[in-house]
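Okay, here's what each chain looks like letter by letter:
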Amino acid sequence: MTPRKRYPSEAAAARAHGVDVKTLRRWLKRDGFSSRPHRPGRRKPLAIALVERVVATHKTTESAKEAAERVGVACETMRRWLREAGVPGTTGVYWLVAKADVDRVTAERRARAEESRRLARRQRRTGTIVERLVGIIATAPRPLRFEQIVKLSGLAKEGVARGLTYAKRCRFVKTIRHPSNANHRAVWVLLPPEAAAAG
């Protein structure tokens, strides 16, 4: 018995591959194939090899619009992501991209966005800490050592060290060797506003 080389209809082809008939029809149209009948009321058979190739392609690829809907972003955003990532599209009537590439680019973008949010939160926290430390130094009756600043601020040593380093870089404060301290240990003093402006 000669093996069948065609599906009798697009519905039969869709059932054989576990997809909706409308989906298969859209895939065929996207690849430039028409499954419309030659005459009204008559079904157009579809070559099995053709259907298998189209289904294999579209189960692993999608358009930018479909990718955007699946990921939950605007279509223009998805197009920009793919373009900036240099993701190649498949040849055909419609520009298609591999779903694996879409997932990779989306994961990279979301990780980058989360990192940006994390840095923004850290900068806000650092700014608050710096403001607090500068206030402590400014209102102190005499220059303060690092340990004294930690005690007055009630913050962890790591946070104080990070805040003072940032404040020093911005020229809000500086360290000096004060002769009134035992062993001439470094103390923190406030710099005049013009020093920060000059920096």
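The text that follows walks through the structure, step by step, so that each part is easy to find.

**Quick look at helix α8 (residues 157–169)**
The first and last C-alpha atoms of α8 sit 18 Å apart over 13 residues, in line with the 18 Å expected at 1.5 Å per residue. One or two residues past the end of α8 sits arginine 171, with phi positive at roughly 65°.

**So, the packing of helix α6 (residues 99–139) against helix α7 (residues 146–153)**
Running from amino to carboxyl end, α6 crosses α7 at an angle of 115°, the nearest separation of the two axes being 10 Å. In terms of orientation, α6 and α7 fall into the roughly perpendicular class. Handedness of the α6/α7 crossing: right-handed. Along the contact surface, α6 presents Arg132, Leu133, Ile136 and Ile137, while α7 presents Ile149, Leu152 and Ser153.

**Structural notes on the pattern of salt bridges**
Scanning all chains against the criterion turns up nine salt bridges. Across the pair aspartate 103 and arginine 70 runs a salt bridge whose closest N-O atoms are separated by 2.9 Å. Taken together, the residues span a long stretch of sequence, with aspartate 103 in helix α6 and arginine 70 in helix α4 (residues 64–71) at a distance of 33 residues. The salt bridge involving aspartate 101 is made with arginine 104; its shortest N-O contact spans 3.6 Å. Here arginine 104 and aspartate 101 lie together in helix α6, a separation of three residues that amounts to about one turn.

**Some words on α7**
For α7, every residue scored as buried is listed here: Ile149, Val150 and Ser153. What you see down the axis of α7 is that its buried residues fit within an arc of 100°, all on one side. In α7, the exposed positions angled more than 90 degrees off the buried face are occupied by Lys151 and Leu152. At the exit of α7 stands glycine 154, carrying a positive phi of roughly 75°.

Cut-offs used in this document
- Residues numbered from 1 in each chain as written.
- Predicted model: local features only at pLDDT ≥ 70, side-chain atom pairs only at ≥ 80, totals over all residues.
- Heavy atoms only, no water.
- Helix = DSSP H or I, 4+ residues; strand = E, 2+ residues; numbered from the N terminus.
- Expected span 1.5 Å × (residues − 1).
- Axes fitted to C-alpha atoms, helices over the stretch in contact; angles between N-to-C directions.
- Parallel < 35°, antiparallel > 145°, perpendicular 65-115°, else oblique.
- Left-handed = near helix turned anticlockwise from the far one by under 90°.
- Contact = heavy atoms within 4.5 Å.
- Salt bridge = Lys/Arg side-chain N within 4 Å of Asp/Glu carboxyl O.
- Buried < 20%, exposed > 50% of the residue type's maximum accessible area, 1.4 Å probe, protein only.
- Arc of directions from axis to C-beta.

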